[in-house]
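Observations on the three-dimensional arrangement
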Amino acid sequence: MKSSTKIGLVASASALLIGFTASPSQAGAQAYASCSTSPAGAGGSVSTSGWSSGGRSIPSLTMKLYDEAPDNHHVRIRLVVMYADTHQYFGWHHNYDGYGTYKEFPSYVSQGGNIYDVGIQAAVFEGNKRLDHCTKWVSGSTKDPS
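This one's a predicted model, so the numbers in the text were calculated from it and none came from an experiment.

In this section: the side chain of Asp117. Looking at the element boundaries, Asp117 is found in strand β8 (residues 117-126). Side-chain polar atoms of Asp117 contact the side chain of Ser139, separated by 2.6 Å. Excluding anything up to four places from it in sequence, Asp117 contacts Trp51, Val80, Val81, Met82, Trp137, Val138 and Ser139.

Listed below in C-alpha cells is the structure:
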C-alpha cells in the first residue's frame, strides 16, 4: 500500500507542476527578483506579469516585504525601474508590524518609455534613517544605482 501511495503522490505532484508550467509565449512575460539585507533584517521580492525587457509598461507586479530580525527596526521596500538612460525610484512601502511579518503590495507601472530592467530595494530603517539595504534586478544584477 505504501508504494501505491508514493506513486499517487508523484503523479499528483507531476500534474501540479504541469499545470503551472508557462507556455513559451508566457515565459518572457513573467520576471522575479529577491534580496535580503545582511545581517538579516529586511527581505523583499518583486514578481511581474505581462512585461518583458523593452516593454513600455508593467501591467501587474507584486512586491513582498519581510521583517526578518527581532531588532525593533521597521522595514521598507520600493520598486526601481531602469529606462534606457536613467532609472526611477518609486515610493517606499512600509512594514511596521515587527519581526516575522510580511506584507504584499500589488501595483503596476504605466509610464511611457521603454523599461529595460525592474528591481527592488529592501531596507531596514530607524525612523527615517536607512540603516541597511539590498538591491536586486530581475536581470540578476545586484548593481545599486543609489
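Moving on: the sheet that holds strand β7 (residues 102-109). Reading across the sheet, the four strands line up as β1-β2-β3-β7 and stay open at both edges, with antiparallel pairing between neighbours. Strand pairing shows two members of the sheet lacking a second neighbour, β1 (30-36) and β7, which therefore form its edges. Across the sheet, the axes of successive neighbouring strands diverge by a mean angle of 15°, strand direction being ignored. When β1 meets strand β2 (residues 42-49), the two strands line up antiparallel, connected through seven bridges. Across the sheet, the residue bridging to Ala31 is Thr48, located in β2.

Applying the stated criterion to the full structure yields two salt bridges. One salt bridge in this structure joins Glu104 and Lys64, with 3.8 Å as the shortest N-O distance. A residue pair is termed long-range when its members are at least 10 positions apart, and Glu104 in strand β7 and Lys64 in strand β3 (residues 58-67) qualify at 40 residues.

We now examine the state of the cysteines. All told, the structure shown has one disulfide when counted by the stated rule. Paired by a disulfide, Cys35 and Cys134 hold their sulfur atoms 2.1 Å apart. For the disulfide bridge between Cys35 and Cys134, the dihedral angle about the S-S bond is near 70°, and by the sign convention the bridge is right-handed. A residue pair is termed long-range when its members are at least 10 positions apart, and Cys35 in strand β1 and Cys134 in strand β9 (residues 129-137) qualify at 99 residues. On the basis of relative accessibility, which here comes to 12%, the residue Cys35 falls in the buried class.

Cut-offs applied
- Residues numbered from 1 in each chain as written.
- Predicted model: local features only at pLDDT ≥ 70, side-chain atom pairs only at ≥ 80, totals over all residues.
- Heavy atoms only, no water.
- Helix = DSSP H or I, 4+ residues; strand = E, 2+ residues; numbered from the N terminus.
- Polar contact = N/O pair within 3.5 Å; in protein donor to acceptor, adjacent residues only side chain to side chain.
- Contact = heavy atoms within 4.5 Å.
- Pairing = 2+ DSSP bridges.
- Axes fitted to C-alpha atoms, helices over the stretch in contact; angles between N-to-C directions.
- Salt bridge = Lys/Arg side-chain N within 4 Å of Asp/Glu carboxyl O.
- Disulfide = S-S within 2.5 Å.
- Buried < 20%, exposed > 50% of the residue type's maximum accessible area, 1.4 Å probe, protein only.

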